[in-house]
Amino acid sequence: RCIQLSFLMLSGRGFAFRRKQKIERQYRKLLKKRRQVHSQQDDQFTDTYPEHLKHLYLAEEEKLKKRHRTPDDSVSSEEKFNKAAEERFSFPFPSRSVVTQEKFKNKTSNQKAKEEYEKIKAEHARKKEEAEKRKQQREEAQRLYKKKKMEAYKILSKKTKKGQPNLNLQVEFLLQKIQQNT
């Protein structure tokens, strides 16, 4: 029973939780070493704030550090040279017509959805027309086949006056068939 209670108390505190605690201990140790060298101001934005807001406080701390620096310290001479070169070779702002064209190129989600719907609708209509053409061709082919079969049946099923099959017509039919094939 005691094991069950301890399990319930420690549930959700597995490997990741222990690793996080270890990293926090190491971080605090590092902060103690820094405090001996630096003032309390360096770490005022890091440890006491909630995790989901920490990035905001860290960004604020960076802004404060940049304000305290002198302009010469923050930007090296090489970076100044690069910025000057970029300004010299950069193009001016695009003309008004280009901006308006870009505005029209960027479509809203509603416009995109309408275009997509129209494309799909046109595709379905095209497929439907193709299916209809195939169906008509198939029906035409079946009609011709039945017509041909019926003619052959009429010729082959003719009888003489006495009810015997008309062999004369059957031989003629076979002769025509042979001539058509060659």
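Residues numbered from 1 in each chain as written. Predicted model: local features only at pLDDT ≥ 70, side-chain atom pairs only at ≥ 80, totals over all residues. Heavy atoms only, no water.

Caption draft 1: Main features of the overall build of the protein chain. Looking only at helices and strands, the protein chain features eight helices and zero strands. From first element to last, N terminus to C terminus, the protein chain shows the α and β order α-α-α-α-α-α-α-α. Buried positions account for 4% of the 182 residues belonging to the protein chain. (Helix = DSSP H or I, 4+ residues; strand = E, 2+ residues; numbered from the N terminus. Buried < 20%, exposed > 50% of the residue type's maximum accessible area, 1.4 Å probe, protein only.)

Caption draft 2: View of the pattern of salt bridges. Evaluated as defined, the whole model comprises five salt bridges. Among the ionic pairs, Glu130 bridges to Arg126, the shortest N-O distance being 2.7 Å. With Glu130 and Arg126 both in helix α7 (residues 109-156) and four residues apart, the pair spans about one turn of that helix. Given a relative accessible area of 37%, Arg126 falls into the partly exposed group. Linking Arg143 and Glu140 is a salt bridge whose minimum nitrogen-to-oxygen distance equals 2.3 Å. Residue Arg143 and its partner Glu140 are both found in helix α7; the two are separated by three residues, about one turn of the helix. One salt-bridge network, held together by shared partners, links Glu123, Arg126 and Glu130. (Salt bridge = Lys/Arg side-chain N within 4 Å of Asp/Glu carboxyl O.)

Caption draft 3: Inspection of helix α8 (residues 167-181) at higher detail. In this model, α8 (15 residues) spans 21 Å end to end at C-alpha, consistent with the 21 Å of a helix rising 1.5 Å per residue. Between a side-chain oxygen at the N-terminus of α8 and the backbone nitrogen of Asn168 the separation is 3.3 Å; the capping residue is Asn166. (Expected span 1.5 Å × (residues − 1). Polar contact = N/O pair within 3.5 Å; in protein donor to acceptor, adjacent residues only side chain to side chain.)

Caption draft 4: Layout of the environment of Asn168. Tracing the backbone through its elements, the reader meets Asn168 in helix α8. Note on Asn168: relative accessible area 57%, which makes it exposed. Taking the C-alpha atoms as reference, Asn168 lies 9.8 Å from Leu156; in sequence the two are twelve residues apart.

Caption draft 5: Representation of the confidence of the model for the protein chain. With 65% of its residues at a pLDDT of 70 or more, the protein chain has an overall mean of 77. Across the protein chain, element-level confidence peaks in α7 with a mean pLDDT of 94 and bottoms out in helix α1 (residues 2-10) with 49. (pLDDT = per-residue confidence, 0-100.)

Caption draft 6: Examining the packing of α7 against α8 more closely. Close contact between α7 and α8 brings their axes to 8 Å; oriented N to C, the two are set at 145 degrees. The segment α7 lies against α8, with Ala152, Ile155 and Leu156 engaging Leu169, Gln170 and Phe173. (Axes fitted to C-alpha atoms, helices over the stretch in contact; angles between N-to-C directions. Contact = heavy atoms within 4.5 Å.)

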